[in-house]
Amino acid sequence: MSLTEQHTDDAPASVAYRGYTIVPQPSPGHDDLWHDGYQIFKAGVEVGSRTNTESVHASRETAIDSSLDFARIEIDNLVALTE
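Throughout, residues of each chain are indexed from 1 in the direction in which the sequence is written. For a predicted model such as this one, the threshold for reporting local features is a pLDDT of at least 70, and the threshold for listing and counting side-chain atom pairs is 80 or more; totals across whole chains, interfaces and linings nevertheless cover every residue. As a rule here, side-chain values come from all non-hydrogen atoms in the structure, and water together with hydrogens is ignored.

S.K.: An account of the confidence of the model for the protein is needed here, citing residue identities and associated values.
M.R.: This prediction gives the protein a mean pLDDT of 87; 86% of its residues lie at or above 70. pLDDT measures how confident the predictor is about each residue, on a scale from 0 to 100. Contacts are assigned to residue pairs with any non-hydrogen atoms lying within 4.5 Å of each other. Contacts of residues 1-9 to residues separated by more than four positions or lying in other chains number twelve contacts, the stretch itself having pLDDT below 50.

S.K.: Lay out the sheet that holds strand β1 (residues 15-17) in plain terms, naming residues and giving numbers.
M.R.: By this definition, two strands are paired if DSSP reports at least two bridges between them. Secondary structure elements follow DSSP: runs of H or I no shorter than four residues count as helices, runs of E no shorter than two count as strands, and numbering proceeds from the N terminus. If you walk across this open sheet you meet the four strands as β1-β2-β5-β6, and the pairing is antiparallel. The open sheet has two free edges, formed respectively by β1 and β6 (45-50), since each of these has just one partner strand. Between one strand axis and the next, the sheet turns by 25° as a mean value, whatever way the strands run. As paired elements, strand β2 (residues 20-24) and strand β5 (residues 38-42) share four bridges and run antiparallel to each other. Pairing of I22 across the sheet is with I40, part of β5. Along the sheet, helix α2 (residues 60-82) makes contact with β1, β2, β5 and β6, crossing β2 at roughly 150°. Axes here mean lines fitted to C-alpha atoms, for a helix over just the part in contact, with angles spanning 0 to 180 degrees between N-to-C directions.

S.K.: Describe the pattern of salt bridges, listing the residues and the values that go with them.
M.R.: By convention in these notes, a salt bridge is any Lys or Arg side-chain nitrogen within 4 Å of a carboxyl oxygen on Asp or Glu. Following the criterion strictly, the structure yields three salt bridges and no others. Salt-bridge contacts for E74 lead to R50; the nearest nitrogen and oxygen are separated by 3.3 Å. With E74 in helix α2 and R50 in strand β6, this residue pair connects regions lying 24 residues apart in the sequence. Note on classification: 1.4 Å probe, protein chains only; a residue is buried when its accessible area is under 20% of the maximum for its type, exposed when over 50%, partly exposed between these limits. By relative accessible area, E74 is classed as buried at 14%. Exposure remark for R50: the relative accessible area of 39% places this residue in the partly exposed category.

Below, the structure written as structure tokens:
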């Protein structure tokens, strides 16, 4: 799927980081908790994703922030492998 196919009005905004685009996609879990989730794109092509991680948060907003943090770490690792 392309980056444009993934974005909806309800989805959080994408974030550019080190030449990649992160689309946070937290998902609801049990007991009103939220799991991290995200997709990473480079030049419009998906290069990584995570869903329903073990990390849980009390709010969707916190899960979005955490998802972005985890995606940035994954991107840092991808960049380090190519340097």
